[in-house]
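Coordinate inspection notes
Letter by letter, the chains look like this.
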Amino acid sequence: MNTLVSTEELAAHPEWRVFDCRHDLANPDLGKQQYAQGHVPGALFAHLDRDLSGPKTGKNGRHPLPEPKVFVAWLGKQGLQPADQVVCYDGGPGAMASRLWWMLRWVGHQSVAVLDGGFAKWQQEGRPVSTEVPERESASYPGRAQTSMVAYLSHVEKKFKRAALLDARTAARYRGEQEPIDPVAGRIPGAKNRPNNDNLSADGTFKKAELLRAEFDAVLAGRNPSEVINYCGSGVSACHNALAMEIAGLTGSRVYPGSWSEWSADPSRPISRSV
């Protein structure tokens, strides 16, 4: 499986490798605390800042990609094997889990899915929760970065006038009316808006593939999925849109990991606002 798994499916497969990706941008230690209080049995914790991001320079965004060899080494320390089915989850919406989902695919691990509805749905259904931290024997993971999945800053700078940029932030942030996180408000010129929360139904699970496809088709207006560059504030919720596109059968989009937090760090780069 390489997009979504249900809580029922995960409960039926205790042999699957599970990663808890819960994270609060305003309180970076909260996810680890929540994990310690209870998690899906067998799950290991993946910290967005420490495990799924590289060093920040002040100009490369809030959650830059780690070097591939560093991420691959982390996977090895978790005892991951190439044949393992991986399931990622977070508190519910799936943006944090989608980041790990996308990064695993980035280094060539295709058997990875996001838990639909996340830990919130797991708990609502009264499924078992554990405080035990599994011990895994380290391994050598043979991952290799798939550069075709990434839109690096240089690529975006050259292509933004012609690319199909999709901004996953809320409409108010996209329009530049407010910016609660980054110092500068606005968007990359030419970008269309697809707030990642629009990928979800009222119950917190992903919309059906047919509906997702219709909604993305309406935004993309005939553009090929391979032309799409997903971005957001810092390269996290952009992965949620990338996952939703895969669910919809719109394969081949890229993610711009630096996203708005990197783009806006240089005042010489153009920005747009709706007025």
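See the structure above.
Below, the structure is looked at part by part.

Definitions and limits used
- Residues numbered from 1 in each chain as written.
- Predicted model: local features only at pLDDT ≥ 70, side-chain atom pairs only at ≥ 80, totals over all residues.
- Heavy atoms only, no water.
- Helix = DSSP H or I, 4+ residues; strand = E, 2+ residues; numbered from the N terminus.
- Contact = heavy atoms within 4.5 Å.
- Pairing = 2+ DSSP bridges.
- 1 Å grid on protein atoms, 1.4 Å probe; cavity = no way out; pocket = protein on both sides within 12 Å on 5 of 7 lines; lining within 4 Å.
- Points joined across faces, edges and corners; volume = space filled by probe spheres on them.
- Nonpolar A, V, L, I, M, F, W, Y, C, P; charged D, E, K, R; others polar.
- Core = buried A, V, L, I, M, F, W, Y, C linked by side-chain atoms within 4.5 Å.
- Buried < 20%, exposed > 50% of the residue type's maximum accessible area, 1.4 Å probe, protein only.
- Phe/Tyr/Trp six-rings, centres within 6.5 Å; stacked < 30°, edge-to-face > 60°.
- Salt bridge = Lys/Arg side-chain N within 4 Å of Asp/Glu carboxyl O.
- Right-handed = clockwise from strand over helix to strand, strands pointing away.
- Axes fitted to C-alpha atoms, helices over the stretch in contact; angles between N-to-C directions.
- Left-handed = near helix turned anticlockwise from the far one by under 90°.

Position of Trp 16 among the secondary structure elements: in the loop between helix H1 (7-11) and strand S2 (17-20). Spatially, the C-alpha atom of Trp 16 lies 19 Å from that of Gly 91, the residues being 75 residues apart in sequence. Every residue in contact with Trp 16, bar those within four places of it in the chain, is listed here: Met 1, Val 5, Glu 9, Leu 10, Gln 85 and Val 87.

Taken together, five strands build an open sheet; the order of strands is S1-S5-S4-S2-S3 and the sheet is parallel. Strand pairing shows two members of the sheet lacking a second neighbour, strand S1 (4-5) and strand S3 (44-45), which therefore form its edges. Pairing of strand S4 (residues 86-89) with strand S5 (residues 112-115) involves three bridges; the strand directions are parallel. Looking at the pairing, Val 86 lines up with Val 112 of S5.

So, on to the layout of surface pockets. What the largest pocket holds in volume is close to 470 Å³. Together, 25 residues line the largest pocket, and Leu 25, Ala 95, Met 96, Asn 196 and Ser 237 are the ones closest to its centre. Across the lining of the largest pocket, the residue classes tally to nine nonpolar, eleven polar and five charged. Estimated volume of the second largest pocket: approximately 230 Å³. Its residues assigned to classes, the lining of the second largest pocket comprises twelve nonpolar, two polar and two charged.

Quick look at the nonpolar core now. Side chains of a nonpolar character, in soluble globular proteins, are inclined to be buried together. Residues Phe 71, Leu 100, Trp 102 and Trp 106 are the most contacted members of the largest nonpolar core, which totals 51 residues. Of all the secondary structure elements, the ones that give two or more residues to this core are helix H3 (68-77), S4, helix H4 (95-106), S5, strand S6 (164-167), helix H8 (209-220) and helix H9 (237-247). For this core, the element with the most residues is H4, which contributes nine residues. If we skip the residues at most four places from it in the chain, Trp 106 touches Leu 65, Pro 66, Glu 67, Pro 68, Phe 71, Arg 144, Ala 145, Gln 146, Met 149, Val 150 and Tyr 152.

Our focus in this paragraph is the packing of aromatic side chains. Summed over all chains, the structure comprises six aromatic pairs. Ring plane angle 45° and centroid distance 5.5 Å describe the contact between Tyr 35 and Phe 45, whose orientation is recorded as tilted. Remark: Phe 45 occurs in strand S3 and Tyr 35 occurs in helix H2 (residues 30-37); sequence separation between them is ten residues. Under the relative-accessibility criterion, Phe 45 is labelled buried at 9%. Measuring from centroid to centroid gives 6.2 Å for Trp 102 and Trp 106, while their planes differ by 5°, and the two rings are stacked. Taken together, the residues span about one helical turn, with Trp 102 and Trp 106 both in helix H4 at a distance of four residues.

For the coordinates displayed, the defined rule picks out 18 salt bridges. When salt bridges that share partners are traced, they join Arg 62, Asp 167, Arg 169, Arg 173, Glu 179 and Asp 182 into one network.

As a further point, take the pairing of S2. Side chains Arg 17 and Phe 19 project from S2 onto one buried face, and the interleaved Val 18 and Asp 20 project onto a second face that is buried too. As paired strands, S2 and S4 are joined by four bridges and run parallel to one another. When the sheet's bridge partners are listed, Arg 17 is paired in S4 with Val 86. As paired strands, S2 and S3 are joined by two bridges and run parallel to one another. Paired with Asp 20 across the two strands is Phe 45, which belongs to S3. Regarding topology, H2 serves as the crossover connection from S2 to the parallel S3, and that connection is right-handed.

Time to look at the packing of H8 against H9. As a packed pair, H8 and H9 sit with axes 8 Å apart at the nearest point and diverge in direction by 115°. H9 is crossed by H8, and the crossing has left-handed handedness. Only Asn 241, Ala 244, Met 245 and Ile 247 of H9 make contact with H8, whose side of the interface consists of Ala 209, Leu 212, Phe 216 and Leu 220.

Read these as geometric descriptors, not functional statements.
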